[in-house]
Amino acid sequence: MTDAACCAKSPGRPKAADLEARLTHLVHTAGYLFLQKGYSKVSLETIAREAHVAVRTIYVKFGGKPQLLKAVLAHKRASFFPDMGAMERDTRPFREVIDEFAQRMWKLVRSPGALAMHRMVAAEARFNPELAETFYQNGPGLTRAMLEQYFARPDIRAQMYPDTPFEQLPAHLINSVIGDFTMHLLFDEQGVPEDEQRRQLQQRVELFYRSVLPPA
């Protein structure tokens, strides 16, 4: 055996950081293709080819196309809500917690990727129930569950009107934050200065407070 042969090293397994980077790139590639071509029109083979991975890698790491979409949604959501249980544990004043949620939610729904995803799902949901279910359970459904847990706290309920329909609060707050979502999807608030958008958001959140909190 030559010295070169003795000293040669096998490639070995990729480092954990390299594997994480590859998976992140795969998720980003899948998200881009879903939005550019439509969920139903993108195959796992196409995603694998564009991400430079084997199709088997997608099945091993994610399980299939719905789970890959779930990862895409989770990655996007984590940049706005990094800790899903933070609200449930938050001991700050009610208005402070809700104000922060409203700002994070508003930035999320206004982001170009979120708008494009909503439009894509709306266009395909009728013909692809799997897409609609995956999107709801891992997008809006998680937001509602997070709010339900917060509003279920006895100390939070004690601050609101006794006859408040608590089961309606998550949707009520989300709608207050989003505003006229139909106009938002169709026109993306083009031409409306950001300062004005923020002023309108504050007005909508204040209306939410007036509907659930007794006067101080």
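Look a little higher up for the structure.
What counts, and at which threshold
- Residues numbered from 1 in each chain as written.
- Predicted model: local features only at pLDDT ≥ 70, side-chain atom pairs only at ≥ 80, totals over all residues.
- Heavy atoms only, no water.
- Axes fitted to C-alpha atoms, helices over the stretch in contact; angles between N-to-C directions.
- Helix = DSSP H or I, 4+ residues; strand = E, 2+ residues; numbered from the N terminus.
- Contact = heavy atoms within 4.5 Å.
- Nonpolar A, V, L, I, M, F, W, Y, C, P; charged D, E, K, R; others polar.
- Phe/Tyr/Trp six-rings, centres within 6.5 Å; stacked < 30°, edge-to-face > 60°.
- Buried < 20%, exposed > 50% of the residue type's maximum accessible area, 1.4 Å probe, protein only.
- Lys NZ or Arg CZ within 6 Å of the ring centre and 35° of its normal.

When you look at the packing of helix α7 (residues 94-110) against helix α8 (residues 112-124) in this model, what are you seeing that I'm missing?
Each packed pair of helices is defined by two parameters, the angle between the axes and the distance between the axes. One can describe the packing of α7 onto α8 by two numbers: an axis separation of 5 Å at closest approach and a directional angle of 65°. Between α7, through L108, V109 and R110, and α8, the contact on the second element is made entirely by P112, A114 and L115. Grouping the constituent residues of the contact of α7 with α8 by class yields five nonpolar, no polar and one charged.

Would you mind going over the packing of aromatic side chains with me for this structure?
Applying the stated rule across the entire model yields eight aromatic pairs. Look at F94 and F151: their rings are 6.5 Å apart centre to centre, the planes differ by 45°, and that puts the pair in the tilted class. Separated by 57 residues along the polypeptide, F94 in helix α7 and F151 in helix α10 (residues 140-151) bring together distant segments of the chain. With respect to burial, F94 and F151 carry one shared label: buried. Connected via pairs of aromatic rings, a cluster forms that spans F94, Y150, F151, F208 and Y209. Stacked on the ring of Y39, the Lys or Arg K65 has its end atom at 4.5 Å from the ring centre. The ring of W106 carries the charged tip of R110 above its face, separated from the ring centre by 4.1 Å.

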